[in-house]
Amino acid sequence: MFGRSQRAVFKPSVYQPGQRTRRMPRWLVLLLVGIALGAGGVLFLQTNYGPQRLTVEQSEQLHSELSASNLERQRLQSQLEEATQQRDANKSGHEKLTSDLADARARIDTLDKELVLFQDAMPPDPRGGNLGIRSATFKRAPGQLDYQVLVMREDRQGAPFKGTLTFAIDGSYPNGRAATVTPEGPALTVDRYDYALGQLKLPDGFTPKVVVLRVMDANQKQQAMRIYYVRN
């Protein structure tokens, strides 16, 4: 009833006798070709459009310039720190000077008040008058006479008084001869007071005993006078 089936018989190719040779898969071939094309494209872009590669000399020069810039930055930073420290020191010094100045002004105000009290406490010139010799002290020394004289005026209206303090010194020499010497005295400028002190040169061997003080104005007119004994 049924026909007998016929099995196909494999016949080797005329061109490939024996066992069949394996071929590379198409996908692998395409992958390798793509990799090659991509690498070539990257090299092309880097060569023509990418950043230029530095030579050894250029790299060393760039490194040297970078080091120099870093050193310059450090130098400027050091100068900035020194300037900052100097500014802080000046600020501190200024604050101290300001504080010292305030203390000095307060001290001067206190001394001025104390001085007014002392001035008011000084005994007046017994001869009276607006200008008077309030006190004087003298001290003998070999060949000289040390003095301290306080001249004051009561009325401070108008310009300060300007004049001269004169000395007439009575004394004697070792042989008993009496004499009077008149050494040159200092100039005076009296607003409320003027304090004259110094040394008067005396002749050799002269011993001072009595000093007559006079305050003379610019016209050599006497404005005040007092007599003091030299006791030491």
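Per chain, residue numbering runs from 1 following the sequence as it is written. Local features are withheld for residues below a pLDDT of 70 in this predicted model, meaning they are given only at 70 or higher, and side-chain atom pairs are given and counted only at 80 or more; totals for whole chains, interfaces and linings count all residues. Note that water and hydrogens are dropped before the side-chain values are worked out from all heavy atoms of the structure.

Turning our attention to the packing of aromatic side chains. To pair, rings of Phe, Tyr and Trp, with the six-membered ring standing in for Trp, must have centres within 6.5 Å; the planes then decide the type, stacked if under 30 degrees apart, edge-to-face if over 60, and tilted in the middle. Counting across every chain of the model gives three aromatic pairs. Between tyrosine 147 and phenylalanine 167 the ring centres are 4.9 Å apart and the planes differ by 55°, which places this aromatic pair in the tilted class. Here tyrosine 147, found in strand β2 (residues 144–153), pairs with phenylalanine 167, found in strand β3 (residues 161–172); they are 20 residues apart in sequence, far enough to count as distant. Of the two residues, tyrosine 147 and phenylalanine 167, neither departs from the other in class, the shared state being buried. Measuring from centroid to centroid gives 5.4 Å for tyrosine 173 and phenylalanine 206, while their planes differ by 65°, and the two rings are edge-to-face. Highlighted residues: tyrosine 173 in the loop between β3 and β4 (178–181) and phenylalanine 206 in the loop between β6 (193–201) and β7 (207–217), separated in sequence by 33 residues. When sorted by exposure, tyrosine 173 lands in the same class as phenylalanine 206, which is buried. Helix and strand definitions follow DSSP, with helices as H or I runs of at least four residues and strands as E runs of at least two, each counted in order from the N terminus. Only protein chains enter the area calculation, which uses a 1.4 Å probe; residues under 20% of their type maximum are buried, those over 50% are exposed, and those in between are partly exposed.

Turning our eyes to something else, we now look at the sheet that holds strand β1 (residues 131–141). At least two bridges found by DSSP between two strands are what make those strands a pair. Read across the sheet, three strands follow the order β1-β2-β6 without closing on themselves; strand pairing throughout is antiparallel. Each edge of the open sheet is held by one strand with a lone partner, namely β1 and β6. Strand after strand, the sheet turns through a mean of 15° between neighbouring axes, direction not considered. Looking at chain direction, β1 and β2 are connected through 10 bridges and run antiparallel. Counterpart to alanine 141 in the pairing with β2 is glutamine 144. Think of each axis as a best-fit line through the C-alpha atoms, taken over the contacting stretch in the case of a helix, with angles from 0 to 180 degrees between the N-to-C directions.

So, on to the pairing of β3. Consecutive side chains of a regular strand alternate in pointing toward one face of the sheet and then the other. Sheet topology places β3 next to strand β5 (residues 187–190); four bridges connect them, and they run antiparallel. For glycine 163, the partnering residue across the bridge sits in β5 and is leucine 188. As judged from the 10 bridges shared by β3 and β7, these two strands associate in the antiparallel manner. Paired with alanine 168 across the bridge in β7 is valine 212. The sheet contact formed by β3 and β4 spans four bridges and is antiparallel. By the bridge assignment for β4, serine 172 is matched with alanine 178. In sequence, β3 turns back onto β4 through a hairpin of five residues, with glycine 176 there showing a positive phi of about 95°.

Take a side-chain nitrogen of Lys or Arg and a carboxyl oxygen of Asp or Glu: if they are within 4 Å of each other, that pair is a salt bridge. Tallied over the entire structure, the rule returns five salt bridges. Close ionic contact of lysine 96 with aspartate 100 constitutes a salt bridge, the shortest N to O distance being 3.0 Å. A residue pair is termed a helical-turn pair when its members lie 3 or 4 positions apart in one helix, as lysine 96 and aspartate 100 do in helix α2 (residues 56–121) at four residues. Overall, the relative accessible area of 35% leaves aspartate 100 in the partly exposed class.

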